[in-house]
Each structure stands twice: as structure tokens, then as C-alpha cells.
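Structure assessment
The lines below spell out each chain.
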Amino acid sequence: MKKLFAFLLGFLGLTVCANAQTDSIRTVDAPHFAEMIRSDTAFLVDVRTAEEYGDGHIDHAVNIDVLKPDFKDKSKSLPKGKFIAVYCRSGKRSLRAAHILAKEGYRVINLRGGWMEWEEYAQKQNIR
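A brief look at the structure comes next.

Calculation notes
Residues numbered from 1 in each chain as written. Predicted model: local features only at pLDDT ≥ 70, side-chain atom pairs only at ≥ 80, totals over all residues. Heavy atoms only, no water. Pairing = 2+ DSSP bridges. Helix = DSSP H or I, 4+ residues; strand = E, 2+ residues; numbered from the N terminus. Buried < 20%, exposed > 50% of the residue type's maximum accessible area, 1.4 Å probe, protein only. Polar contact = N/O pair within 3.5 Å; in protein donor to acceptor, adjacent residues only side chain to side chain. Contact = heavy atoms within 4.5 Å. Expected span 1.5 Å × (residues − 1). Salt bridge = Lys/Arg side-chain N within 4 Å of Asp/Glu carboxyl O. Lys, Arg positive; Asp, Glu negative; His and termini not counted.

**Let's talk about the sheet that holds strand E4 (residues 83–87)**
An order of E1-E5-E4-E2-E3 is seen for the five strands of this open sheet, with the pairing classed as parallel. With one partner strand each, in any of the chains shown, strand E1 (25–28) and strand E3 (62–63) form the two edges of the open sheet. Two elements, E1 and strand E5 (residues 107–111), share four bridges in a ladder whose sense is parallel. By the bridge assignment, Thr27 is partnered in E5 with Asn110.

Now the structure itself:
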């Protein structure tokens, strides 16, 4: 009985911790992402490689490659008082970055479809 109780307590603790972390990450579509980055409450980070960033990026985005070993160190200079809006090519790497940033105490907005979704949206809206 004690083992079952300990197991249930441990499982409940893991569930609460997992929910707390995901509460600091919101994944949104391109129109909502555009709203966030237009406001003064978000800081924009492109987490792709320098080469990808050089091929095109959202205006005012800072490039910090999530695949580099120094991502966590470089991300410590990001403003804690703002949402960190992250994107990559398709949304996979940026979600990885979002989890790393959330563990460091940041509130993160992740662009669901990444640069690919952004380019389609930007063409329709005639923005960059």
C-alpha cells in the first residue's frame, strides 16, 4: 500500500511539473505570432542556423541557433520581462528551444509552422 501511495504521489508530482512547464509555452499560428511580435511585450528569436537566417528571416529577429552547444548560455541574455517569440523552419527546433527557455523561467511564444508558415502568411499580408 505504501509503495502504491508513493508511486501515485510521484506520478502526480511529475504531472504537475510537466503542466507548469507547458503553461509557459504557447504555440500559435502566424497571425497570432504577428500580433505578439508587433507588441512591445515580445522579443523575437530565430533559432535556425546562421545560414538559414542569412537566407531570410523575420525583421528584427535575433539569431541564436538552438542546435549549438552555447544556446543556453546565449539565451541567458534575453529579457526576462518579455515573452520570447521563437521560430525555426517548421516548428520542431523552436519547440525544443521553447522547452529549454521555459526551464530557464522564460514565457515563450512558439510559431507553429515556423518560417514556412510565416512566409505564406507574409506573402498574403504583404509583410516581412
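Read on, since the account is not over.
**Topic: the side chain of Asn110**
Mapped onto the fold, Asn110 is located in strand E5. Judged by relative accessible area, which is 2%, Asn110 ranks as buried. A distance of 3.3 Å separates the side chain of Asn110 from the side chain of Thr27, its partner in a polar contact. In this structure, Asn110 is in contact with Arg26, Thr27, Val28, Phe33, Val86, Gly91, Ser94 and Leu95, ignoring residues within four places of it in sequence.

**Brief notes about helix H5 (residues 92–103)**
Taking 1.5 Å per residue, 12 residues should reach 16 Å; H5 reaches 17 Å between its end C-alpha atoms and fits that length. Just downstream of H5 lies Gly105, where phi reads positive at about 100 degrees.

**Points about the pattern of salt bridges**
Summed over the entire model, instances satisfying the criterion amount to seven salt bridges. Across the pair Glu52 and Arg93 runs a salt bridge whose closest N-O atoms are separated by 2.8 Å. Of this pair, Glu52 sits in helix H3 (residues 50–55) while Arg93 sits in helix H5, and the two are 41 residues apart along the sequence. Looking at Arg93, the relative accessible area reads 17%, which means it is buried. Note that Lys72 is salt-bridged to Glu104, the shortest N-O span being 3.3 Å. In this pair, Lys72 sits in helix H4 (residues 71–75) while Glu104 sits in the loop between H5 and E5, placing the two residues 32 residues apart along the sequence.

**Comments concerning the side chain of Asp65**
The topology assignment puts Asp65 in the loop between E3 and H4. Here Asp65 occupies a buried position and makes no salt bridge, while the nearest side chain of opposite charge, Lys68, is found at 5.0 Å. In this view, Asp65 contacts Val47, Arg48, Thr49 and Phe71; residues no more than four positions away in its chain are not counted.

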